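What follows is the residue order along each chain.
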Amino acid sequence: MRITIDGREIEAREGATIFDAAGAAGIDIPVLCHDPRLDPVGVCRLCVVDVGERVLAAACVRRCEPGMEVRTNTSDIEADRAVLTELLMSEQPADHEADRRERAFGDNALLACARRYDAWGDSLPRGGGRADDTSSSVIHVDHQACILCDRCIRACDELQNNEVIGRTGKGHDSRIAFDLDVPMGQSTCVSCGECAAVCPTGALVDVAIGPELRPRDELEAVDSVCPYCGVGCALTYHVDRERNAIVFAEGRESPGNRQRLCVKGRYGWDYAAHPQRLRVPLIRRDDAYPKGALSKDVRGEHDGRRKPGGIVDYDEVLPAFREATWDEALDLVAERLSTIRDRDGPDALAGFGSAKCSNEEAYLFQKLVRACFGTNNVDHCTRLCHASSVAALLEGIGSGAVTTTYGDIANAGAALLAGTNTTANHPVAATFFKEARKRGTKLIVVDPRREAIAEHADHYCRIKPGTDVAFYNAMMQVIIEEELGDRAFIEERTENYDALATLVADYPPERAGAICGVEPDDIRAVARAFGSADSAIVFWGMGISQHVYGTNNARCLIALALLTGNIGKAGAGLHPLRGQNNVQGASDAGLIPMVYPDYQSVEDPAIREKFESAWGRELSPQRGLTVVEIAHAALEGSVKGMYIMGENPFLSDPNVNKVRKALSNLDFLVVQDIFLTETAEFADVILPASSYMEKLGTYTNTDRRVQIGRPVLEMPGEARLDWEVVCDVSTRMGFPMDYASPSEIFDEFAGLTNAYATLSHDNLGAVGKLWPNPDPERDDGPVVLFDDAFPTENGRAKFVPAEWTAARELPDDDYPFVLNTGRLLEHWHTGVMTRRTRVLDAIAPEAFVAMHPDDGSANGLSDGDNVTVESRRGSVTLRLRLTTRECRGAVFMPIHFREAAANLLTLDELDPDGKIPEFKFCAVRVSAAG
Amino acid sequence: MISTGTRSKIEAEMERYPQKRGALLPALYLVQAEHGYVSSDTVRELAEIMGLHPVEVMEVVTFYNLFFDRPQPRHHASVCTNLPCSLRGARVLLAQLEEHVGSKVGEPTDDGRLVLGHEECLGACAFAPMMRVDDAYHEDLDLEHAKSILDALE
Ligand code: SF4
Ligand code: SF4
Ligand code: FES
């Protein structure tokens, strides 16, 4: 439709507001309460315009009508806005120079109006007396500066879907309030910072993390991606180049996160500038042999307390090392590794890469191990997270990646969240889950722990730990019996259905209910909700995968989707939520022992030949060892030398006491990392690496979105880029590697794959691209995969029925509780990064074990007690938290805390297919600590 | 804890509205009648029953004068101080009553018997000055009459 704004004829879209139409035509209308991401409310009236009516209209809410004549800047309007500004300013804190927002972000919209209208509120009595709330670790609340524009309330409700903020009181006494009007730091706020990001005044402002802002235009805005989880949120770092510092981070528009961030992405970047960063290569002193743990925590003499100066006391560790030049260190690494290779054979070497590294680094590292070391003993932390899911997916549908994006939940009739604590581990994905629920998607949550997402569920089933297979088999039994399955899909696109039907027939809800501790009718209700939805997505996390029967668990979920025809259409699919920012990419790049890049088997002669000719070396025809197998081999002495880049197996692997022995037993260990990790205490050589913030590379998120992370900081001291270090080691070991840039490495990697073949750094664009992508120049890539065939030999997906088996180490009289381990919202894996960020450490400083209050009172334990948790393998002492999130008979421990390492207790038994260890089920006892 | 009786009354109220949240005001009256005020726990419980977020219930409780978020004295006596009542001496009357009961507006008396308040227009301007004591209007007041009303409160 045509309308006229300030004399200009403009084409406005149907349903557009005057503000939208003006914005599209480049006409500026000042706003305070409006933000294009939020539902407009029209409360501040700053945006008023003249539409030829008796009164002015608010442009942010008023829709365009054909032929409308709008004036945005008559003297009447400007006078009106000036008065409004004067009124608002009279209630603001008097000292505008000290405005927090101007100093933190430089974008106080109200002060901008004050300047524009030269209206400072001085003609009116000045308001005052509303207090500050400084209880939150991330946000300073200045109630006096609040203009009640409702932006924060809507941001918390509509964007983050946390519903923390409201208003209290009325009239002049109105204030924003958190929960039931408690201080922000004590509320259910999860510190995502969205409210502070949208606030137009100094009322809600980030507590400074970086240096104080100099004029905003002296900062450089660098588009990058969050370094933490598989959601891979797009963000912009605002960088002070002169001071080599990040000042703040801001969510960026992308199909994945639509500007949203969680507490880690928004506030968790200052680890890179931590004083404990490694700056020079280190070589173990001769008198520090025989090797062994150096610090008390790592020796196992835990006292459960934090070190005063930080999580690691460098004084305990550094004396065992001396500084060296890069040349000396690299020569030593090359010589020792070559010696082992030549003396004991290539398979005496092994390498751990990391899912925190880029695709380029992962590709180069596996190439180093395969072509230069000559072994397939290369793995990374995917083994600890979704290896079992990938095994089941490759077997069932021929592809290990997600079949649809998490954002596709918006189109789903139902979504099953199985064993995933999404609000903690994929926080921004969880905001879209909650949003979908509000719009009608039925959410089904199945988990022994009543996670926060369960509060939003239509159906929540608390199953007993380790009974997933029985539960999902019963769901399938009901779906088959009640004919809710998709016959046509089963016939045309799958095989082995009869075997599945036969097996699940043995799992009627009565039987499964008894195994799982769930009412049979609840299983039926869930099966009906899932089976009768037009489209449904299955999301799952570590609760499914980290078991000795993890592959079986995943097989059931895959079968459930196949049975109901829920793959290959909008709002349907399989989505194992990937943990690390680049666990998808590192796996795609071949950082796994059985396959080259793009899941091409090392055992297939034709494929091997292809890689041999690409790399110019003969390659080992045998699949290599996986993470835990490598540790076992080190213990036995068959693996003698290791290169560990960015991993911390000491804390991340199960049964720490065994890992300690294994690492001590290595002839030679080189660790390349940004901090002195627990693992580095066992090293012969430690190489100072580059942090995420210092390098260019691509990262593939859980959606298969390949995005570019860009350097924002200079490296500290003599630290070097990881890919250059890998090249140097390789070259020194007689396999020259020479690349001009990460983009050249990417091209070599992409050229050896189908999935990445069309992609290059140049065509990834601002928000990355989904793989596979036939036309990256024009297209974002396919959200939904496999709409007509699966990448299997016959194009069909395969049902793989699985019997339920009991867990390996069941509770008994001596060890009566099941131990479950997992993550916290604020922390990441072994805490190396997150525990060195000010905010994350402040919010979640210490380890704990969580238990149901009834179990607490049955054992005479109360909240806050110091308790000892013991398994057959080890014991830790830490604080007890009583919470109904846990189920009776099970306890939960986060994995991030070296001073109370959960993995001292866990079981190093492996899933036979995925080789993933059992992190989520072992027997422990809990008693009051002396 | 909201009693089962009150809970079923709330559920009956919810039936009467196209959207459950519409029954929030009547529901709040019901729980307040039971407990005398609306505690944080009650807010959470009610939110759970009605499928609302606790913060949404809190907003309504704190907006209306007649909902209380903490334990209350046994009686509320509020004098209207809008223009017509003020012209007929309401503000003076209120000050004298403060003196009489020995407590300021908004501050409960020590014995927990009563709290004074002021009120915006209650639509009884023709009978100014007036005060509301709990659910009853008292009109055409003078000081002695008002005192005797307050003194008679248990
Ligand atoms: S920080 Fe996030 S969760 Fe907390 S009040 Fe603000 S928007 Fe809500
Ligand atoms: S959700 Fe994940 S990727 Fe997004 S900001 Fe948080 S940690 Fe980073
Ligand atoms: S911006 Fe339109 S009323 Fe506030």
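Basis of the calculations
- Residues numbered from 1 in each chain as written.
- Chains lettered and ligands numbered in written order.
- Predicted model: local features only at pLDDT ≥ 70, side-chain atom pairs only at ≥ 80, totals over all residues.
- Contact = placed C-beta atoms within 7 Å.
- Helix = DSSP H or I, 4+ residues; strand = E, 2+ residues; numbered from the N terminus.
- Nonpolar A, V, L, I, M, F, W, Y, C, P; charged D, E, K, R; others polar.
- Domains from an automatic or database assignment.
- Expected span 1.5 Å × (residues − 1).
- Buried ≥ 20, exposed ≤ 12 C-beta atoms within 10 Å, placed from the backbone.
- Pairing = 2+ DSSP bridges.
- Axes fitted to C-alpha atoms, helices over the stretch in contact; angles between N-to-C directions.
- Near = placed C-beta within 6 Å.

Regarding the interface of chain B and chain A
The parts lose accessible area when they come together, and the size of an interface is often stated as this lost area.
For step 1, the next point in the chain: On the side of chain A, twelve residues touch chain B, which itself brings ten residues to the contact.
For step 2, the next point in the chain: With seven residues, the single largest contributor to the side of chain B that touches chain A is helix H4 (residues 54-63) of chain B.
For step 3, the next point in the chain: Class assignment of the residues belonging to the side of chain B that touches chain A gives a composition of five nonpolar, three polar and two charged.

Topic: the domain arrangement of chain A
For step 1, the next point in the chain: Per the domain assignment, the segments of chain A are domain 1 (2-73), domain 2 (99-270), domain 3 (282-381 + 582-770), domain 4 (387-576) and domain 5 (817-928).
For step 2, the next point in the chain: Centre-to-centre, using C-alpha coordinates, domain 1 of chain A lies 55 Å away from domain 5 of chain A.

Structural notes on helix H15 (residues 468-481) of chain A
Residue and element names in this part refer to chain A.
For step 1, the next point in the chain: Spanning 14 residues, H15 covers 20 Å between terminal C-alpha atoms, matching the ideal 20 Å at 1.5 Å per step.
For step 2, the next point in the chain: Of all the residues in H15, the buried ones are Asp468, Val469, Ala470, Phe471, Tyr472, Asn473, Ala474, Met475, Met476, Gln477, Val478 and Ile479.
For step 3, the next point in the chain: Where the residues of H15 are buried, they touch strand S19 (442-446), helix H17 (497-504), helix H18 (509-516), helix H19 (520-531), helix H20 (542-545) and helix H21 (550-563).
For step 4, the next point in the chain: Just past H15, the residue glutamate 483 takes up positive phi, approximately 55°.

Focus on the sheet that holds strand S13 (residues 245-251) of chain A
Residues and elements named next belong to chain A.
For step 1, the next point in the chain: Sheet architecture is open: three strands sit in the order S11-S12-S13, paired in antiparallel fashion. Looking at the sheet topology across the chains shown, the edges are occupied by strand S11 (220-225) and S13. Shown here is a sheet whose adjacent strand axes are inclined to one another by a mean of 30°, direction ignored.
For step 2, the next point in the chain: Where strand S12 (residues 234-240) lies against S13, six bridges are found, and the strand directions are antiparallel. Following the sheet pairing, tyrosine 237 is matched in S13 by alanine 249.

Some remarks on the site of ligand 1
Residue and element names in this part refer to chain A.
For step 1, the next point in the chain: Of all residues adjacent to ligand 1, which total 14 residues, the nearest are Cys156, Cys189, Cys192, Glu194 and Cys195.
For step 2, the next point in the chain: Breaking the shell around ligand 1 down by element, the ones donating at least two residues are helix H5 (151-159) and helix H6 (194-198).
For step 3, the next point in the chain: Tallied by class, residues from the shell around ligand 1 come to nine nonpolar, four polar and one charged.

Notes on the sheet that holds strand S31 (residues 769-770) of chain A
Residue and element names in this part refer to chain A.
For step 1, the next point in the chain: The antiparallel open sheet is built from three strands, whose spatial order is S29-S30-S31. With partners counted over all chains shown, the strands left at the sheet margins are strand S29 (697-700) and S31, one partner each.
For step 2, the next point in the chain: Summarising the sheet, strand S30 (residues 705-709) and S31 pair through two bridges and their orientation is antiparallel. Counterpart to valine 706 in the pairing with S31 is lysine 769.

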